[in-house]
Every structure is written in structure tokens, then in C-alpha cells.
Amino acid sequence: NAGVTQTPKFQVLKTGQSMTLQCAQDMNHNSMYWYRQDPGMGLRLIYYSASEGTTDKGEVPNGYNVSRLNKREFSLRLESAAPSQTSVYFCASKSRQGDLTEAFFGQGTRLTVV
Amino acid sequence: RKEVEQDPGPFNVPEGATVAFNCTYSNSASQSFFWYRQDCRKEPKLLMSVYSSGNEDGRFTAQLNRASQYISLLIRDSKLSDSATYLCVVDNYGQNFVFGPGTRLSVLP
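It should be emphasised that the depicted structure is a prediction, and the values quoted were computed from it without experimental measurement.

A.B. asks: Sorry if this is basic, but what is going on with the side chain of Q6 of chain A here?
C.D. replies: All names here are of chain A. For Q6, the position within the fold is in strand β1 (residues 4–7). Taking the relative accessible area as the measure of exposure, Q6 reaches 5% and is therefore buried. Only 2.9 Å separates the side chain of Q6 from the backbone oxygen of Y89, close enough to count as a polar contact. Within the structure, Q6 has its side chain in polar contact with the side chain of T109 (distance 3.2 Å). Those residues in contact with Q6 that sit more than four places away from it in its chain are Q22, W34, Y89, F90, C91, G106, Q107, G108 and T109.

A.B. asks: Just checking my understanding: could you explain the side chain of R68 of chain A for this structure?
C.D. replies: Residues and elements named next belong to chain A. Inspection of the secondary structure assignment puts R68 in strand β7 (residues 64–68). Buried charge without a salt bridge: R68, with E52 as the nearest opposite-charge side chain at an N-O distance of 6.5 Å. A polar side-chain atom of R68 sits 2.7 Å from a polar atom in the side chain of S49. Looking at R68, its side chain comes within polar contact range of the main-chain oxygen of N70, at 3.0 Å. When sequence neighbours within four positions are dropped, the list of residues in contact with R68 reads Q25, H29, N30, M32, S49, S51, E52, G53, T54, T55, E73 and F74.

A.B. asks: It is not clear to me how the state of the cysteines should be interpreted in this structure. Could you clarify?
C.D. replies: One way to say it: the disulfide is the covalent bond shared by the sulfur atoms of two cysteines. Residue and element names in this part refer to chain A. Evaluation of the coordinates by the stated rule reveals two disulfides over all chains. Through a disulfide, C23 is tied to C91; the S-S separation comes to 1.8 Å. Taking the sign of the torsion about the S-S bond as the criterion, the disulfide between C23 and C91, at about -75°, is left-handed. With C23 in strand β3 (residues 19–25) and C91 in strand β9 (residues 87–97), this pair connects stretches of sequence that are 68 residues apart. Residue classification places C91 among the buried positions, given a relative accessible area of 0%.

A.B. asks: I tried to follow unusual backbone geometry on my own but got confused; where do I start?
C.D. replies: Leaving glycine out, the prevailing phi sign among residues is negative, and the prevailing peptide bond configuration is trans. Look at the link from T7 of chain A to P8 of chain A: it is a cis peptide, with omega at -5°. Of note, the bond from G9 of chain B into P10 of chain B is cis; its omega dihedral lies within 30 degrees of zero at -5°. By the element assignment, P10 of chain B lies in the loop between β1 (4–6) and β2 (11–14). Positive phi values are uncommon outside glycine, yet N28 of chain A reaches one of about 65°. Structurally, N28 of chain A can be placed in the loop between β3 and β4 (31–38).

A.B. asks: Is there a simple way to think about the sheet that holds β3 of chain A in this case?
C.D. replies: Within a sheet, each strand pairs with its neighbour through backbone hydrogen bonds, oriented either parallel or antiparallel. Residue and element names in this part refer to chain A. Taking strand neighbours across the sheet as the criterion, the four strands line up as β1-β3-β8-β7 in an open arrangement whose pairing is antiparallel. Sheet topology places β1 and β7 at the edges, where each strand pairs with a single neighbour. Strand-to-strand twist across the sheet, computed as the mean angle between neighbouring axes with direction ignored, equals 15°.

A.B. asks: For this particular structure, what's the right way to read the pattern of salt bridges?
C.D. replies: Pairing between side chains becomes possible if they bear opposite charge and their charged atoms approach one another. Tallied over the entire structure, the rule returns eight salt bridges over all chains. The partner of D39 of chain B in a salt bridge is R37 of chain B, with the nearest N and O atoms 2.8 Å apart. The class of D39 of chain B is partly exposed, set by a relative accessible area of 31%. Residue R76 of chain B is joined to E56 of chain B by a salt bridge in which the shortest nitrogen-to-oxygen separation is 3.5 Å. With R76 of chain B in the loop between β8 (70–75) and β9 (84–92) and E56 of chain B in strand β6 (residues 55–57), this residue pair connects regions lying 20 residues apart in the sequence. When salt bridges that share partners are traced, they join R36, D38 and R44 of chain A into one network.

A.B. asks: What is the right way to read the packing of aromatic side chains from this model?
C.D. replies: The description of an aromatic ring pair uses the distance of the two centres, along with the angle that the planes make with each other. According to the stated counting rule, one finds 16 aromatic pairs over all chains in the structure shown. Summarising the aromatic geometry, the rings of F105 of chain A and F99 of chain B are spaced 5.8 Å apart at their centres and angled 75° between planes, so their arrangement reads as edge-to-face. Separated into two different chains, F105 of chain A in strand β10 (residues 100–105) and F99 of chain B in strand β10 (residues 96–99) make up a pair that spans both. Each member of the pair, F105 of chain A as well as F99 of chain B, carries the same accessibility label: buried. Seen from their ring centres, F11 of chain B and F21 of chain B are 5.2 Å apart, and the 80° between their planes marks the pair as edge-to-face. One end of the pair, F11 of chain B, is in strand β2; the other, F21 of chain B, is in strand β3 (residues 19–25), with 10 residues separating them in the sequence. Here the aromatic residues Y33, Y35, Y48, F90 and F105 of chain A together with F34, Y36, F97 and F99 of chain B are joined through ring pairs into a cluster of three or more.

Cut-offs used in this document
- Residues numbered from 1 in each chain as written.
- Chains lettered and ligands numbered in written order.
- Predicted model: local features only at pLDDT ≥ 70, side-chain atom pairs only at ≥ 80, totals over all residues.
- Heavy atoms only, no water.
- Helix = DSSP H or I, 4+ residues; strand = E, 2+ residues; numbered from the N terminus.
- Buried < 20%, exposed > 50% of the residue type's maximum accessible area, 1.4 Å probe, protein only.
- Polar contact = N/O pair within 3.5 Å; in protein donor to acceptor, adjacent residues only side chain to side chain.
- Contact = heavy atoms within 4.5 Å.
- Lys, Arg positive; Asp, Glu negative; His and termini not counted.
- Salt bridge = Lys/Arg side-chain N within 4 Å of Asp/Glu carboxyl O.
- Disulfide = S-S within 2.5 Å.
- Pairing = 2+ DSSP bridges.
- Axes fitted to C-alpha atoms, helices over the stretch in contact; angles between N-to-C directions.
- Phe/Tyr/Trp six-rings, centres within 6.5 Å; stacked < 30°, edge-to-face > 60°.

What follows is the structure, given as C-alpha cells:
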């Protein structure tokens, strides 16, 4: 059971380069999320998708775009990377069964922009 | 003011100690509450949900006070393996998880 899979695990970009972070979940969850985590800041929501075909901005969306390709996949794109986007990025999906809710995370992508 | 705030930490405690973490949230409409654990350079993982009546899972006890908008986590008989960062998480409107900044715990031999 793979859960949430993110690729790549590590990436170094030059300022101005673009890249797409991939995320896939095999748990049939409707909701998927992209977070970034910086020291002392905790996890901050970039974008989320409540269901296939919908996306919404989170707390820190500037400089990012997302695509919910299908129920399984939710990608995050940096069109023109900046050093301020150096961070650890986590994808998550969320299940809800009655009153029970749990978010499952991918292993993270460590991105450095130089 | 951040939506979810936690004790800044770090907490350094000896093995066997009891340690308590506090968390406050600002959105009175928040629906669900959780504690997540994050090991160094790893993804967060669910430790336990927090219910209004309070709940216990082994050495871990979570409490929720909706009137004060306050959540706590108590760890009894700390183990070396409890060393991690503990994240307070609030679920708003059933869609969005909001994370606190985390409190780091180091259990010392």
C-alpha cells in the first residue's frame, strides 16, 4: 500500500527555472493538499483540491500553480523559481469517514533554489 | 496572530518524565483537532485525534476545551523514541488542515 507518493525527493534549481512536483495517492481520497515547511514556520498551505476538477488557494499561493489531473494526482508547478521558494514541500490527501478524519503525507520534496 | 499557536519549545526532559504541550486556536468554528508527530526530516504522521470528552492512547492523553479554544497533549513516562516535533492541527470547515508551528521534544537518557 503506497499511500501518498511524491517525486522527486530532492531537487536543486537555478533562479528562473521551472519544475513540476508530482503527487499521487492510491487511497481514493477526494481532498489533496500541497504544503511547504520552513524552519520555525510550521506547514503552510499552498493550494488544495477538495475534489477532482477543483482547486483553491491556500495561505501562500503566490509563485505556484496546481493541477488536479484526476482523482489520484495533484501536481504543483513553479513557473519561475525564486530563492524564497527553497523549502520542503509536502503533498497530502485526506480521508473522511463519518467523524473520523486523517491526513496522509508524502515523504516530502526538498527543493533548493540557487 | 497565527491561527494555531503552540508552546515554542524545545522541551528537553529525562526519560520517564511527564511532559505537557499546549496549543490554542483562534477560529471558533474549527471542527476537528489532532496531534501529529514529525520526526526529523520525515513527513508528519497522525498521533491521535482530540475529542471533546478527552481521550487517551497508552501513555498519551489529549484534551480539548472548546470554550477556551485550547488543546493539550500529555505524555507520561517519556521514552527516548518520543523525541520528535509535535504538531497541533485544526481542521476548518472540513476542508483545510491548519498546522501549528510545532513543539520539539528531546527525551534525554
